[in-house]
Amino acid sequence: MATEVNVQPGHGKAGRHPTRQFLDTLSGHDDPGMFGRMFPTLDPLAVDDKPLQELADAMKDPNPGDPAGNNTKVPAGFTYLGQFVDHDITLDLTSFGDKEADPNAVENFRTPALDLDNVYGLGPDGSRQLYARNPGDLDGKRPGPKLLIGKTINVPLGGVTGDLRNDLPRSPEGFALIGDHRNDENLVVAQTHLAMLKFHNKVCDQLAAKGTPVGEIFAEARQIVTWHYQWMVLHDFVERITEKGIVAKILEQGRRFYRFRKTPYMPVEFSAAAYRIGHSMVREVYSHNRIFTPGGGGIPATLDLLFKFTGLSGGIIGDLAPNPPTPPLPLPLLSSNWIIDWRRYFEGLATNPADVRLNPSRKLDPFVVPQLHTLPGGGGSLPFRNLKRGVLLGLPSGQDVAKAMRIKNPLTSAEIAKGTDGAVAKKHGLHEHTPLWYYILKEAEQRGGGEKLGPVGATIIAEVFVGLVHGDRQSYLWLKGKNWKPTLPSKTPGDFTMADLLRFVGDVSPIDGISTV
């Protein structure tokens, strides 16, 4: 039955941003609700705003275009897959008043899970606006198993023609009709969400072709999609930024630090520190497709442009746009010349031609591109906000966490003091008592060569993701166990990567007529 396959995430009244006071009431591993602490007995690190601001300023990447700052082991698509995953495990659609009404988040909020509720919402019955009409109904009044896909609009630049369905579905005024509006925040995460919509629809087509009864297609497709997504996150994403084999190791030896009785919770050490590593992976310029690419007469796909060609952050405004449109913006829908070329974001789709540049992410280190230091709309500095948030939530120092985890080779104060950023940390004594987010980034730089996380960051991220899947009673780990293997077509049988997903969908670079490779 559909109700057995995660179609009822059960949104409640609690918020996803806990206060320090709320966290201090929790008991650590005793199913604390939506949020909790992995290390509830450690003392918080108190730091004034001025040292935090100076450290944040020192974290500005002085050469954001320097290839020496690239992490060639992690293609740039994983930066935005990571953002998509974050929106899956932290979905919140509640008002501030409702958050205050249920501050403890014990009973009325869904648990964090890799269940794609940011794609599926409440399923065809509860979130009809996300689904296409059922072609089997004579009156067409019932939603079918497939998700809606939006069209793009053709504009002169680039000469892209044809009736292309490569945008998110949108309301008449440009709002994305998706399970989490944040996935229309920048263009790459929006196109990642679109790939997930198409992934589900392709599985539906496959099931229909083999004669699966119409009434069973949605539930079966959702399970197949979700299980392959869970595998991909654990083995292609998590192990890429930590270490190969860490998932099997944790499943064999057990989770040592992320523990709960029955229900997974969201640890603030993860959400406010370890998982914010993605901010250091962001580039300022991308090769997006043959039109928007640096060099060769192309237009560089700057980070600013990737935000502007969206409905949440930019100028896609539906019927409110001029008619006829006046490119580049505002537009009623995404313009076809901005459809993504996935060969530029994930490796393994083929050996790219010389003019198809694969974007690496930036290194996992303490440096963040300048644009994230001056967020639009008066948002200020993202690094400062991250550091300040850690203090407000009472996060312990990186040294105390490393000691509690019994890390054999924790960072030394001399290692933390290295570089221009480390000199500022040392100036304020933060090389000996270090904010956890900064410690994890410094650890990746010093222990992982900027290519992967060090032991503190890797253990927190890997244990939490394994726990989120293991604690979900609809997941493959719960229902099939750790020996289950993916069944969909893949480059390596029994494995499933994001590149495999894109090949299966068959939508690698629509504006170049390339469906799969």
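Up top is the structure.
Anyway, here's the lowdown on the structure attached to this text.

Basis of the calculations
- Residues numbered from 1 in each chain as written.
- Predicted model: local features only at pLDDT ≥ 70, side-chain atom pairs only at ≥ 80, totals over all residues.
- Heavy atoms only, no water.
- Helix = DSSP H or I, 4+ residues; strand = E, 2+ residues; numbered from the N terminus.
- Buried < 20%, exposed > 50% of the residue type's maximum accessible area, 1.4 Å probe, protein only.
- Contact = heavy atoms within 4.5 Å.
- Areas by Shrake-Rupley, 256 points an atom, 1.4 Å probe, with all protein chains shown as cover.
- Phe/Tyr/Trp six-rings, centres within 6.5 Å; stacked < 30°, edge-to-face > 60°.
- Lys NZ or Arg CZ within 6 Å of the ring centre and 35° of its normal.
- Core = buried A, V, L, I, M, F, W, Y, C linked by side-chain atoms within 4.5 Å.
- Salt bridge = Lys/Arg side-chain N within 4 Å of Asp/Glu carboxyl O.
- Arc of directions from axis to C-beta.
- Axes fitted to C-alpha atoms, helices over the stretch in contact; angles between N-to-C directions.
- Nonpolar A, V, L, I, M, F, W, Y, C, P; charged D, E, K, R; others polar.
- Polar contact = N/O pair within 3.5 Å; in protein donor to acceptor, adjacent residues only side chain to side chain.
- Parallel < 35°, antiparallel > 145°, perpendicular 65-115°, else oblique.

### Brief notes about the overall build of the protein chain
When helices and strands are tallied, the protein chain shows 20 helices and eight strands. Classification of the 517 residues of the protein chain by burial places 57% in the buried group. For the protein chain, the share of sequence-separated contacts (at least 6 apart) that also reach a separation of at least 24 residues comes to 72%. As displayed, the protein chain offers around 21,300 Å² of accessible surface, 52% of which is attributable to carbon and sulfur atoms.

### With respect to the packing of aromatic side chains
This model, assessed by the stated rule, comprises 25 aromatic pairs. Between the aromatic rings of Tyr-120 and Phe-218, the centroid separation amounts to 5.7 Å while the plane-to-plane angle is 85°, which identifies the pairing as edge-to-face. Remark: Phe-218 occurs in helix α8 (residues 214–241) and Tyr-120 occurs in helix α5 (residues 117–120); sequence separation between them is 98 residues. Here Tyr-120 and Phe-218 have matching classes, each one buried. Here Trp-231 and Tyr-476 contribute two aromatic rings whose centre-to-centre distance is 6.1 Å and whose plane-to-plane angle is 45°, an arrangement assigned as tilted. Remark: Tyr-476 occurs in helix α19 (residues 476–479) and Trp-231 occurs in helix α8; sequence separation between them is 245 residues. Here Trp-231 matches Tyr-476 in class, with each residue buried. An aromatic cluster of at least three residues, connected via ring pairs, comprises Phe-78, Tyr-80, Phe-237, Phe-270, Tyr-275, Tyr-286, Trp-342, Tyr-345, Phe-346 and Phe-465. Here the guanidinium or amino end of Lys-202 rests over the ring plane of Phe-504, the centre of that ring lying 5.1 Å away.

### Examining the nonpolar core
By size, the foremost hydrophobic cluster in this structure holds 144 residues, and its most contacted members are Ile-460, Ile-461, Phe-465 and Leu-501. Counting residues per element, this core draws most heavily on α8, which supplies 14 residues. Apart from residues no more than four positions distant in its own chain, Phe-465 is found in contact with Val-85, Ile-89, Leu-114, Val-233, Leu-234, Val-238, Phe-270 and Tyr-275.

### Topic: unusual backbone geometry
In this model, Asn-323 is joined to Pro-324 through a cis peptide bond whose omega is 5°. You can see Pro-324 is positioned in the loop between α12 (303–308) and β8 (360–362). Each neighbour pair has its own omega, and for Leu-329 with Pro-330 the value is 0°, a cis peptide bond. Tracing the backbone shows Pro-330 in the loop between α12 and β8. With a phi close to 60°, Leu-116 is a non-glycine residue in the positive phi region. Mapped onto the fold, Leu-116 is located in the loop between α4 (96–101) and α5. For Leu-116, a relative accessible area of 1% corresponds to the buried category. A positive phi is found at Arg-406, a non-glycine position, where the angle reads about 60°. Assignment of secondary structure puts Arg-406 in the loop between α14 (398–404) and α15 (413–416).

### Observations concerning the environment of Leu-114
Structurally, Leu-114 can be placed in the loop between α4 and α5. With a relative accessible area of 0%, Leu-114 lands in the buried category. Sequence separation of Leu-114 and Val-469 is 355 residues, and the distance between their C-alpha atoms is 6.3 Å. Here Leu-114 is in contact with Val-85, Asp-88, Ile-89, Thr-226, Tyr-229, Gln-230, Val-233, Phe-465 and Val-469, once residues within four sequence places are set aside.

### Concerning the pattern of salt bridges
On inspection of all chains with the given rule, the structure shows 23 salt bridges. One salt bridge connects Lys-198 with Asp-507, and the closest N-O pair in it is separated by 2.2 Å. Placement of Lys-198 in helix α7 (residues 187–209) and of Asp-507 in the segment after α20 (498–505) is noted, with a sequence separation of 309 residues between them. Judged by its relative accessible area of 18%, Asp-507 falls in the buried class.

### Looking at helix α9 (residues 246–253)
Taken together, the buried positions of α9 are Ile-246, Val-247 and Ile-250. What you see down the axis of α9 is that its buried residues fit within an arc of 105°, all on one side. Facing away from the buried side of α9, by more than 90 degrees, are the exposed residues Glu-252 and Gln-253. Just beyond α9, the residue with positive phi is Gly-254, at close to 95°.

### Points about the packing of helix α17 (residues 436–448) against helix α18 (residues 455–470)
Look at α17 against α18: their axes get within 7 Å of each other, and the N-to-C directions meet at 115°. Across the interface between the two elements, Tyr-439, Ile-440, Glu-443 and Arg-447 of α17 pack against Pro-455, Val-456, Gly-457 and Ile-460 of α18. For the contact of α17 with α18, the class distribution of residues is five nonpolar, one polar and two charged.

### Some points on the side chain of Ser-127
With respect to the helices and strands, the residue Ser-127 is situated in the loop between α6 (123–126) and β3 (131–133). One polar contact links the side chain of Ser-127 to the main-chain amide nitrogen of Leu-122, over a distance of 2.8 Å. Look past the residues within four positions of Ser-127 in its chain and what remains in contact with it is Tyr-120, Gly-121 and Leu-122.

### Thoughts on the packing of α8 against α18
Across the interface, α8 lies against α18 with an axial gap of 10 Å and an inter-helix angle of 175°. The angle between α8 and α18 falls in the class roughly antiparallel. Of α18, the residues touching α8 (which contributes Gln-230, Val-233, Leu-234, Val-238 and Ile-241) are Ile-461, Ala-462, Phe-465, Val-466 and Val-469. Residue composition of the contact of α8 with α18, by class: nine nonpolar, one polar and no charged.

### As for α20
Counted residue by residue, α20 has eight buried out of eight residues, so it is predominantly covered. All of the buried residues in α20 are Met-498, Ala-499, Asp-500, Leu-501, Leu-502, Arg-503, Phe-504 and Val-505. Looking at the packing, one finds that the buried side of α20 touches α3 (77–89), α7 and α8. Once α20 ends, the next one or two residues include Gly-506, with phi positive near 75°.

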